[in-house]
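Each chain, letter by letter, is given below.
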Amino acid sequence: MAATAKPIQSIHAQEAEDDLRENLLFDPRPRSEINSMVMESMQTAGWKFWAVTTFVALFVLVALFGVWIYLILNGMGVTGTDRPIYWGVFLSNTVFWIGISHTGAFVAALLRVIKTNFHHAITRVAEFMAVFGIIQTGLSVFFHLGRVWRSYWLIPFPNERGLWPDFHSPLSWDFMAITTYMIVSGLYLILPLIPDLAMLRDHSTGWRKNLYRILALGFRGTEDEWKHLRAAIKIFSFAMIPIMVSVTTVVSWDFAMATRPGWSSTVFGPFFVVGAFHSGVAALVALLALIRITMKNMKYFIRPETFDSLGKLMLIISMAWAYLYFNDYIVPWYGGTSLDRLLLKFHETGPFAPMFYLMLTFNAVIPWALLWNKKIRRSPWVMFIIGLLIVIGMWFERFLIVPGSLTISANPFTWRIYQISWVEVSLTLGTVAFFALLYLLASRFLPFISPWEVQEGQESHTIRKVGKAGLPSASDID
Amino acid sequence: MSDDGMTLLALFQEVDPAAEAVEKLREMGVADERMNVVSGVPFKEEILGRPRVRTHVPMFALGGAIAGFALAVFLIWGVPFLYPLYVGGQPMFPVPPLLVVGFELIMLGMLTATFLGVFVDSRFPSYEPKFYVPEISDGEIAVFFDCPAGMQAKFEKAMQSLGAESVRTVEAQEL
């Protein structure tokens, strides 16, 4: 029997090559053009931008700082915390913001380490998320402390009696872990930013030039400078991954090491890590969609294929989250104490039940129902909505874990339904607004895209002809 | 850069001719330490045909990690010496908390030292006049080299024949 080989039609080869060119790395433009596009995105802002920024700034001023002063003047009695729920929404916000923040640095580091072909245009937005998120974490802890002027007691130094903090306590580990993360995430943002600040210095005039000249530290791009910088970025990228896992795990131990129903769980460490990843990637997707839609020239950098790749990641994380949630559910459901089972019933049928079902819907049902579809994954608007719903779902999850689980304790005479007060609502929305405000302001002064990383990616990725087809080819240039 | 000649700059759009220019300059008697390649993206030394650059950043990282661990040992095992405090029947000198706090402080020390290492190795911040042109951040590759007195025309011709977009004398300037 004779076999007839059909030649590959050149039109198919061309279509395949066109598909490849949808990827930023296979659609190169001159570096000068990329620089101009990034600078234009920073310097083009109409009255609408400033109107929104002013509104958000005023909201932050009143809802965050104004209400915080009110809280300080009137004490913690104006919040909904009372026996037995002393850890209220401020601490669930802390856990929520830690998750958002951690994923920023984690995603940037992980994607750099495994050298994906879609990270070059998103790492900066993720690094900003890490820094701006950890600021909200710190604020939420300060709200919770009440007497914030005594927060320095957390720092390990002896008081006037020579008494040191007790390092047997997970809370002191938590302080170490969050402080470590706060410092290193800031440093991790700065390092890759230095060459971009030098670019801004070279292309700016007036006060901006003076500002960038100072911030660029005298960077030129010599062989030595690149060598030292790249070595440091590599060390940071590898180290940020276990740091994220460790810090999130240490935060989970604040709960898991207490012998309380709903908290005492050996699965809490990985559960918190995956939960942080779930909320963080969703927040990153929502932010990228907003930036692409609202900022000039961003459509070139943040492409449908970026959302496609992140959408697949979201789907996998959603499955991992559901797996761990089920683990955390079924063990107390089957073999837990009566209090454990009562708490599960409280979540399912009590006043927080709508939150419980919405959490499952937003975190698992919606991603599973939609994200298998490539068309949906490539649609920035739909991805924005899915990302936002997951972020809300993860906030519900944090709320149910912290004040939601404190409702049921071993002392039934103390049981009480947590009533969130207007002060807590205001401060919660205030942190969200402050996070947004920091992004709005940063968008005018610092590039959301790293031109040197984009150029590096484009230089190291080419389309190689194999027969009639163009195939992607990648190599290391640094 | 130059003691008895001048510093020339050859600008290239692509990395291949820049690497060839480095090779050519070496053939023409310019020592490696008398030339410098400045670019808007990092290139491996092998790509440019340049000697390997040594960095002390990993050593800084190691030093920082050791310092971080030492601090952790002090906090977890040293502090109970200063103020003995028995809590919940736990041992005075426990191992698990040392692993937790030790890990965090090792990472803090390592990464802070890494960051400082970049500053020390690169001599940041440094705002004095330097050899530089803004085209570099637009993606061009600049080869700065010392040109002996009277040899300028010969070097210019050699660089242009390799595809240099521009060859000119440069002075150190404020960035």
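Conventions adopted
Residue numbers run consecutively from 1 along every chain, following the written order of its sequence. The order in which chains are written sets their letters, starting at A; the order in which ligands are written sets their numbers, starting at 1. A pLDDT threshold of at least 70 governs which residues receive local features in this predicted model, and a stricter bar of 80 or more applies before side-chain atom pairs are shown or counted, although totals over entire chains, interfaces and linings include all residues. Only heavy atoms go into the side-chain values, all of them from the structure, while hydrogens and water stay out. Classification of ring pairs uses Phe, Tyr and Trp, with its six-membered ring standing for Trp, and accepts pairs whose centres are within 6.5 Å; under 30 degrees between planes counts as stacked, over 60 as edge-to-face, and the remaining range as tilted. We count a stretch as a helix when DSSP gives it H or I for four or more residues in a row; a strand needs E for two or more, and each element gets its number in order from the N terminus. In this analysis, the protein atoms alone were mapped onto a 1 Å grid. Cavities are point sets where a 1.4 Å probe fits without being able to get out; pockets are open sets with protein on both sides within 12 Å along at least five of seven lines; lining residues have an atom within 4 Å of a point. Grid points are joined across faces, edges and corners, and a volume is the space filled by probe spheres set on the points. Residues are grouped as follows: Ala, Val, Leu, Ile, Met, Phe, Trp, Tyr, Cys and Pro are nonpolar; Asp, Glu, Lys and Arg are charged; every other residue, Gly included, is polar. Throughout this description, buried means an accessible area under 20% of the type-specific maximum (1.4 Å probe, protein chains only), exposed means over 50%, and partly exposed covers the range between. Should any heavy atoms of two residues lie within 4.5 Å, those residues are counted as being in contact. In what follows, salt bridge is the name for a side-chain nitrogen of Lys or Arg lying within 4 Å of a carboxyl oxygen of Asp or Glu. Strands pair, by our definition, only if DSSP identifies at least two bridges between them. In this description, a nonpolar core means a group of buried Ala, Val, Leu, Ile, Met, Phe, Trp, Tyr and Cys residues linked to one another through side-chain atoms lying within 4.5 Å. Take the residue count of a helix, subtract one, and multiply by 1.5 Å to get its expected span. To count toward a patch, a residue needs a relative accessible area over 30% and no salt bridge; like charges are then connected within 9 Å, while nonpolar side chains (Val, Leu, Ile, Met, Phe, Trp, Tyr) are connected within 5 Å. The protein chains shown are the only cover counted for residues, whose accessible areas, like all others here, come from Shrake-Rupley with a 1.4 Å probe. In this tally, Asp and Glu contribute negative charge and Lys and Arg positive charge; neither His nor the terminal groups of the chain are included. Where a charge lies is defined by one atom per residue type, namely NZ (Lys), CZ (Arg), CG (Asp) and CD (Glu). Fitted lines through C-alpha atoms give the axes, limited to the stretch in contact for helices. The angle between two N-to-C directions lies from 0 to 180 degrees. Under this scheme an angle from 65 to 115 degrees is roughly perpendicular, one under 35 degrees roughly parallel, and one over 145 degrees roughly antiparallel; angles in between are oblique. What makes a crossing left-handed is the near helix being turned counterclockwise from the far one by less than a right angle; a clockwise turn instead makes it right-handed.

1. Topic: the packing of aromatic side chains
All names here are of chain A.
- For the coordinates displayed, the defined rule picks out 43 aromatic pairs over all chains.
- With a centroid separation of 5.1 Å and 55° between ring planes, the pair formed by W226 and W452 is classed as tilted. Of the two residues, W226 sits in helix α8 (residues 223–256) while W452 sits in helix α18 (residues 451–460), which places them 226 residues apart along the sequence.
- Pairing F399 with Y418 gives two aromatic rings, centres 5.9 Å apart and planes at 45°, and the pair type is tilted.

2. Things to note about empty space enclosed by the protein
- Counted according to the given criterion, the structure contains four cavities of 30 Å³ or more.
- Considered as a void within the structure, the largest cavity measures approximately 140 Å³ in volume.
- Lining the largest cavity are 14 residues; nearest its centre among them are P165(A), D166(A), F167(A), V79(B) and P80(B).
- Here the lining of the largest cavity takes four residues from helix α3 (residues 57–82) of chain B, the largest share from any one element.
- Of the residues assigned to the lining of the largest cavity, the class counts are twelve nonpolar, one polar and one charged.
- Around the second largest cavity sit R31(A), P195(A), A198(A), F219(A), R220(A), W226(A), S39(B), G40(B), Y132(B), I136(B) and S137(B), which together line it.

3. Some words on the environment of G40(B)
- Summarising the element assignment, G40(B) is placed in the loop between β2 (35–38) and α2 (45–48).
- The class for G40(B) is buried, based on a relative accessible area of 9%.
- C-alpha of G40(B) to C-alpha of D138(B): the two residues are 98 residues apart in sequence and 6.9 Å apart in space.
- For G40(B), the contacting residues outside a window of four places in its chain are R31(A), W226(A), W452(A), I136(B) and E140(B).

4. Some thoughts on the pattern of salt bridges
Residue and element names in this part refer to chain A.
- In this structure the tally under the stated criterion is 20 salt bridges over all chains.
- Where E127 meets R112, a salt bridge forms, and the shortest distance between an N and an O atom there is 2.8 Å. With E127 in helix α5 (residues 123–145) and R112 in helix α4 (residues 89–113), this residue pair connects regions lying 15 residues apart in the sequence. Just as E127 is buried, R112 falls in that class too.
- E127 is the partner of R124 in a salt bridge, and the nearest nitrogen-oxygen pair spans 3.6 Å. With R124 and E127 both in helix α5, this residue pair falls three residues apart, about one helical turn.
- For E127, a relative accessible area of 1% gives the class buried.
- Three or more residues joined by partner-sharing salt bridges are found here, namely R112, R124, E127, D196 and E453.

5. Regarding the pairing of strand β2 (residues 469–474) of chain A
Residue and element names in this part refer to chain A.
- The pairing of strand β1 (residues 461–466) with β2 spans six bridges and is classified as antiparallel. If you follow T462 over to β2, its bridge partner there is S473.
- Taking the residues that link successive antiparallel strands as the turn, the β1-β2 hairpin has two residues, and the phi of G467 there is positive, at about 65°.

6. Some thoughts on the nonpolar core
- M240(A), F301(A), F145(B) and M159(B) are the most contacted members of the largest nonpolar core, which totals 197 residues.
- Once you skip the residues sitting within four places of it in the chain, M240(A) turns out to touch A105(A), A109(A), Y181(A), V184(A), S185(A), Y188(A) and L111(B).
- Listed in part, the eleven residues of the second largest apolar core include L9(B), F131(B), Y132(B) and V170(B).

7. Thoughts on α5(A)
Residue and element names in this part refer to chain A.
- Counted at 1.5 Å a residue, the expected span for α5 with its 23 residues is 33 Å, and the 33 Å between its end C-alpha atoms agrees.
- Most of α5 sits inside the fold, with 19 of its 23 residues counted as buried.
- Count one or two residues on from α5 and you reach G146, which has phi positive near 75°.

8. Brief notes about unusual backbone geometry
- P84(A) follows R83(A) through a cis peptide bond whose omega is 5°.
- Residue position: P84(A) is located in the loop between α3 (47–74) and α4.
- Omega for the peptide link from F124(B) to P125(B) comes to -15°, which places this bond in the cis form.
- Structurally, P125(B) can be placed in the loop between α4 (96–122) and β3 (141–147).
- Here L217(A), not a glycine, exhibits a phi torsion of approximately 65°, which is positive.
- Residues other than glycine seldom take positive phi values, yet R123(B) does so here, at roughly 55°.
- Within the fold, R123(B) resides in the loop between α4 and β3.
- Since its relative accessible area comes to 64%, R123(B) is described here as exposed.

9. A word on a negative patch on the surface
- Taken together, E459(A), E14(B), D16(B) and E20(B) make up a surface patch of like negative charges.
- With respect to the element layout, E459(A) can be found in helix α18.

10. Re a nonpolar patch on the surface
Residue and element names in this part refer to chain A.
- The grouping of W50, W207, L211, L215, L441 and F445 at the surface amounts to a nonpolar patch, some 560 Å² of accessible area in total.
- Looking at the nonpolar patch, the elements with two or more residues in it are α7 (206–215) and α17 (422–445).
- Mapped onto the elements, L441 comes out in helix α17.

11. Section: the packing of α8(A) against α4(B)
- Viewed as axis vectors pointing N to C, α8(A) and α4(B) meet at an angle of 160°, and their least axial separation amounts to 10 Å. When the axis of α8(A) is compared with that of α4(B), the two are roughly antiparallel. Our pair here, α8(A) against α4(B), has a crossing hand that is left-handed.
- Class assignment for the residues of the contact of α8(A) with α4(B) results in 18 nonpolar, four polar and three charged.

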